[in-house]
Amino acid sequence: MKIICLGNYPPRQCGIATFTENVVTALESAAKASSLTLEIEVIAMNDVGQSYNYPAIVTKVIRDQHQEDYIKAAAYINASNADICIVEHEYGIFGGNSGLMLISLLRKLTVPVVTIFHSVLQKPNFHQKEVLKKIAAYSSGIIVMSKLAIHFLKEVFEVPAAKIFLVEHGVPDFEDLKSIVPNSPAHWKGKKVMMTFGLIGRSKGIETAIKALPSIVEKHKDLLYVIIGKTHPHVVRHEGEAYRDSLKQLVSKLELDEHVEFMDEYLSEKQLVSCLLAADLYVTPYHNKAQITSGTLCYALGGGCAVFSTAYWHAEEVLQNGTGRLFEFGDWRDLSKQINEVLDDPNLLSSLKQNAYEYGKKISWPLISNKYLRIFKNLASIANHHEIHLESQYQLIDYPFNLQHIIRLTDDVGILQHAIGCTPNFKAGYCLDDNARALLLSMMSYRQFKEPKYLQITIKYLSYINHMQNKDGSFKNFMTFTHETFENDESDDATGRTIWALGYLIRHAPNDSIFQLAMEIFHRAIGQIKNMNHKRGFANCILGLHHYIRRFPDQDKFIMLMDELATKICDGYDEFSKDNWKWFEPIISYDNGLLPASLYRAYEITGKERFLEIADASTQFLESKCFSNEHLSLIGSNRWLKMDEDYELYAQQPIDAMAMVVLYNCMYRIKKDAKTAEKLRNSFKWFLGFNDHDLPLYDIETCGCNDGIEEFSINRNQGAESTIAYHIAWLVAAPYFEIELKAVKAILSVDNFVYRA
């Protein structure tokens, strides 16, 4: 069997590195004992700006913030003939928000993955939850070290129970090591040694233990509290040694210098075992209850120490039936009382130490490694789960339609532009762009679901549009929350989107009153088209004219207007197109799919072959940029794609994904082929997580759509544009998910089908 293990590794100094080394060593010993041929490689994680002198077992490294390293590592693992890949997971050791860069590696692996979760949270934030869910989905098996972690995985992260295995945190075989470890410090002899070890930071709560000491040493003058460990590198980076210095000052203030020793060292395993065997008491005075696993606690039990701990999750689980004692967070008085009680009674101290030692023998690495090997053997024989994962994920049925966040953003004036998270941002005010999009969405929603609340907000958005129209038919765009508008801020895009929405409303108006107002605004606005200069404005107008013409097919002047606008778009294509650039402009920027989409609509009405030919050619070119992977990978707004230049992958925006859905919907009405339908589904799946980060843009808890994909995170603001884009895309895409392709063909050919955009 060949195993590749991914995680931190010594000489990097952290608990995960030590754990990974222990797993590797224990597996090698277990395999040797059972005559199993075992080959192990380690791929080590390097933190920012750091490199380490790794042993030969480390065959590759990943720089945590470099995306390309994860991709290369995945290719290396796939070509390595490994039977299984073990991932030591802690959020902080992988790049991106909550370690999301790990997903880019896992999604490409073809070997079974077993992930060991060192942290499982009860109340994760969006990134923590979605990242862990995705890692779990790509894992054939998941190992956790406490029963509570199993509960959280099932209830909070919706991980199937069949994937989860409980294997306790391993510890050295202290019995075997007794005769070979170095001696503990000589000055400890004759002392009652109380100990805390691990990387030091404020969450460790060491000040609680120090405050407990005065009343202890008053009765037990031979007590020595030893604090072993270097300050955590992340703490040093942000505040230096401020916490350690504050602890030293507290020791001096309480006149405890003779009773407290700081060992500012990262001890080797043998040195640590020696210290634990020499200690009598061990304290984990941590502040945070939400700690699902504590390696230091397990080591202390393995070393036979009488353990006193705050009641964090792992401590509550293992310190039962006389294995140790619990005290409340920050309650140094109770800690002092309990330690005195134990030190006053040698039999009680001996009993606690013996119980701890017996528990430690049950979790020694020789026993734990055998459990690991059994799991690995079983999972290595199971076929790759990735195909199953891809088939079961990104399904529209798991994301029911809900305009809750749209309604949250809508007041008596209209829809607000922006949000901070899911909270409306009044400071940003309103814009014509978003109210036009919202009008289109609300009318589509009303047609589909016939719910009165959608008609109510339709009227609000129409009212805003009416208010923002000038006498000459042009539109003002922005309005502050205090209802101040601005002159001369009209926009081709905003005008075009308004004509699109009005055309749709005219075609499908639910009553004559709304129809008449929409007609008035539409006909006043049509005269402004002659002042437009931008192709996206033309494209949006064509989409609106298409609906108007469907309502009034005998209106030749509107067909001629559509023809004129489509011709202008095609003229731009002829001007800029060359062998390696089949586009309408010298730049590909935003809403790109709407340009060829409008030509498909124009062809549908006029039958002009030029429109179809250029729509096909430009779509194929756009696909060459956005579908270089199997998933939609949009051109980012950080730096758009210019002719003969590179572009940024980030920030990717929901309006661009919606534009691709609209494009393929328009294209399908012409082509009626399965390939186009599949591209539409994949474009919509971008919102659900079938994207470069493999994380959803739509937030099912808030019913809002996040504002985009950044390089290291998902933009968690949920503005109107993004959320509208998602829901319009949902309505357009729904029949392509819910109905067999033959039925799609039949239904989409019906002119009044409710999902039609």
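Preceding this paragraph is the structure being described.
Quick look at the sheet that holds strand S1 (residues 2-7)
Sheet architecture is open: seven strands sit in the order S3-S2-S1-S4-S5-S6-S7, paired in parallel fashion. If you trace the sheet from one side to the other, it starts and ends with strand S3 (58-63) and strand S7 (164-166), each paired once. The sheet shows a mean angle of 20 degrees between the axes of neighbouring strands, taken without regard to direction. Here strand S2 (residues 39-46) runs beside S3; their pairing, made up of five bridges, is parallel. Paired with isoleucine 43 across the strands is lysine 60, a residue of S3. Helix H4 (residues 126-138) contacts strand S4 (84-89), strand S5 (113-117) and strand S6 (141-144) of the sheet and is inclined by roughly 145 degrees relative to S5.

What to know about the sheet that holds strand S12 (residues 306-310)
Read from one edge to the other, the open sheet built from six strands follows the order S10-S9-S8-S11-S12-S13, with strand pairing classed as parallel. Only two strands of the sheet have a single neighbouring strand rather than two, namely strand S10 (260-263) and strand S13 (324-327). Put simply, the sheet's adjacent strands are angled 20 degrees from each other on average, direction ignored. By the bridge criterion, two bridges tie strand S8 (residues 192-197) to strand S11 (residues 281-284) in an arrangement that is parallel. In the sheet register, methionine 195 faces S11, and the bridge partner there is tyrosine 282. Running over the sheet, helix H10 (residues 269-278) touches S8, strand S9 (223-228) and S11 and is turned about 140 degrees from S8.

Description of the side chain of glutamine 718
In this structure, glutamine 718 sits in the loop between strand S23 (714-715) and helix H28 (720-738). Side chain to side chain, glutamine 718 and threonine 702 meet in a polar contact 2.7 Å long. Leaving out residues up to four positions away in the same chain, glutamine 718 has contacts with His405, Leu409, Ala419, Gly421, Cys422, Asp699, Thr702, Gly704, Cys705, Asn706, Asp707 and Thr723.

A few points about the state of the cysteines
Within the structure shown, the criterion is met by zero disulfides. We note that cysteine 85 lacks a disulfide partner, and the nearest cysteine sulfur, in cysteine 5, lies 7.6 Å from it. Classification of cysteine 85 by relative accessible area gives buried; the value is 0%.

Scoring rules and cut-offs
- Residues numbered from 1 in each chain as written.
- Predicted model: local features only at pLDDT ≥ 70, side-chain atom pairs only at ≥ 80, totals over all residues.
- Heavy atoms only, no water.
- Pairing = 2+ DSSP bridges.
- Helix = DSSP H or I, 4+ residues; strand = E, 2+ residues; numbered from the N terminus.
- Axes fitted to C-alpha atoms, helices over the stretch in contact; angles between N-to-C directions.
- Contact = heavy atoms within 4.5 Å.
- Polar contact = N/O pair within 3.5 Å; in protein donor to acceptor, adjacent residues only side chain to side chain.
- Disulfide = S-S within 2.5 Å.
- Buried < 20%, exposed > 50% of the residue type's maximum accessible area, 1.4 Å probe, protein only.

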